[in-house]
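What follows is the residue order along each chain.
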Amino acid sequence: MTKNKELTKKEMLEIFNRRYACKKYDKAKVVSDEDFMAIIEAGRLSPSSFGLEPWKFILVKNEEMLNDMREFAWGAINSLNGASHIVMVLARKGVTGDSEYFDRIGKEIKNISDENLKIRKEFFTKFQKEHFKLLESERALFDWASKQTYITMVNMMNMAAALGIDSCAIEGFNKEIAEKYFSEKGVFDLKEYGISYFVSFGYRDEEITPKTRRKLSEVYEVVE
């Protein structure tokens, strides 16, 4: 058992070392539907605060939209030039204990009883209002939801790396223009969602540069 555990750890670390921000994709290679859906499933199965899953994944395949993105998503240019798939990840707005979404997740997804849902709602409201001060502004609420979506990004990118697929997280875009563009195209309701980030997947057309990180002693310590 010990040998298998050691092998698993080694394999996992190799996956983390393989994952990097792909700057040049081979546009002739396409990620299979099966592999891509495994990546999306890794995102869907991600953990979130209170299990609220305040996210949505949108695969942008429309050629006109992809071309128009060049005007407001400068960080996506390399991906637009060759990535197999480009995903827009949305964060849900207005997730509070009093929201219909909170009730739907509790009742329809988690099958929580009305009594327990009431207790959960009171605790969540206290968490948002007193502990994290999230109810002070819509932006604070959105930023909290957006933080949850980054968990999905890590899982999707690591799943991709495990499948031999490359990826790149994309934050280089004008948020206001991008949201206006896609909402006016009817892709999503701006009252309900905002864009958290884009992420691309495909196969690299470049050598992976060795990963550089700060020393363990700089990022890890034990408090006894």
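Please read all numbers here as calculations on a predicted model, not as lab measurements. (Residues numbered from 1 in each chain as written. Predicted model: local features only at pLDDT ≥ 70, side-chain atom pairs only at ≥ 80, totals over all residues. Heavy atoms only, no water.)

Enquirer: In this structure, what is going on with the overall build of the protein chain? I would like to understand it.
Expert: Along the protein chain, the regular secondary structure elements total 9 helices and 4 strands. When the helices and strands of the protein chain are read in sequence order from the N terminus, they spell out α-α-β-α-α-β-α-α-α-β-α-β-α. Considering only C-alpha atoms, the protein chain reaches an extent of 55 × 55 × 35 Å along its principal axes. Within the protein chain, the proportion of its 224 residues that are buried is 40%. Pairs at least 24 residues apart make up 80% of the contacts formed inside the protein chain by residues separated by at least 6 positions. On the protein chain, roughly 13900 Å² of surface is accessible, and the fraction owed to carbon and sulfur atoms is 51%. (Helix = DSSP H or I, 4+ residues; strand = E, 2+ residues; numbered from the N terminus. Buried < 20%, exposed > 50% of the residue type's maximum accessible area, 1.4 Å probe, protein only. Contact = heavy atoms within 4.5 Å. Areas by Shrake-Rupley, 256 points an atom, 1.4 Å probe, with all protein chains shown as cover.)

Enquirer: Could you clarify how one ought to interpret the packing of aromatic side chains in this entry?
Expert: Geometrically, a pair of aromatic rings is defined through the distance of the ring centres and the angle of the planes. With the rule as written, the count across this model stands at 15 aromatic pairs. One aromatic cluster in this structure is built from Phe-50, Phe-102, Phe-123, Phe-124, Phe-127, Phe-132 and Trp-144. (Phe/Tyr/Trp six-rings, centres within 6.5 Å; stacked < 30°, edge-to-face > 60°.)

Enquirer: Which parts of the structure should I look at to understand the side chain of Ser-196?
Expert: Examined against the element boundaries, Ser-196 turns out to sit in strand E4 (residues 193-202). Separated by 2.7 Å, the side chains of Ser-196 and Thr-149 make a polar contact. (Polar contact = N/O pair within 3.5 Å; in protein donor to acceptor, adjacent residues only side chain to side chain.)

Enquirer: Would you mind going over the nonpolar core with me for this structure?
Expert: Generally speaking, nonpolar side chains in soluble globular proteins are found buried as a group. Counting 26 residues, the largest nonpolar core has Met-69, Met-88, Phe-182, Ile-195 and Phe-198 as the members making the most contacts within it. Judged by nonpolar contacts, the second largest core, of 16 residues, contains Ile-39, Trp-55, Phe-57 and Val-87. (Core = buried A, V, L, I, M, F, W, Y, C linked by side-chain atoms within 4.5 Å.)

Enquirer: Before we go on, may I ask you to explain helix H2 (residues 33-44) in this structure?
Expert: Note on helix geometry: an α-helix contains 3.6 residues per turn, so any two residues three or four positions apart are oriented the same way. With 12 residues, H2 extends 16 Å from end C-alpha to end C-alpha; this agrees with the ideal 16 Å at 1.5 Å per step. Buried residues of H2: Phe-36, Ile-39, Ile-40, Ala-42 and Gly-43, and no others. Buried residues of H2 fall within an arc of 155° about the axis and therefore sit on the same side. Every exposed residue of H2 that faces more than 90 degrees away from the buried side is listed here: Asp-33 and Glu-34. Contacts made by the buried residues of H2 are with strand E1 (55-59), strand E2 (85-92), helix H7 (138-162) and E4. (Expected span 1.5 Å × (residues − 1). Arc of directions from axis to C-beta.)

The quantities given are spatial measurements derived from coordinates; they are silent on function.
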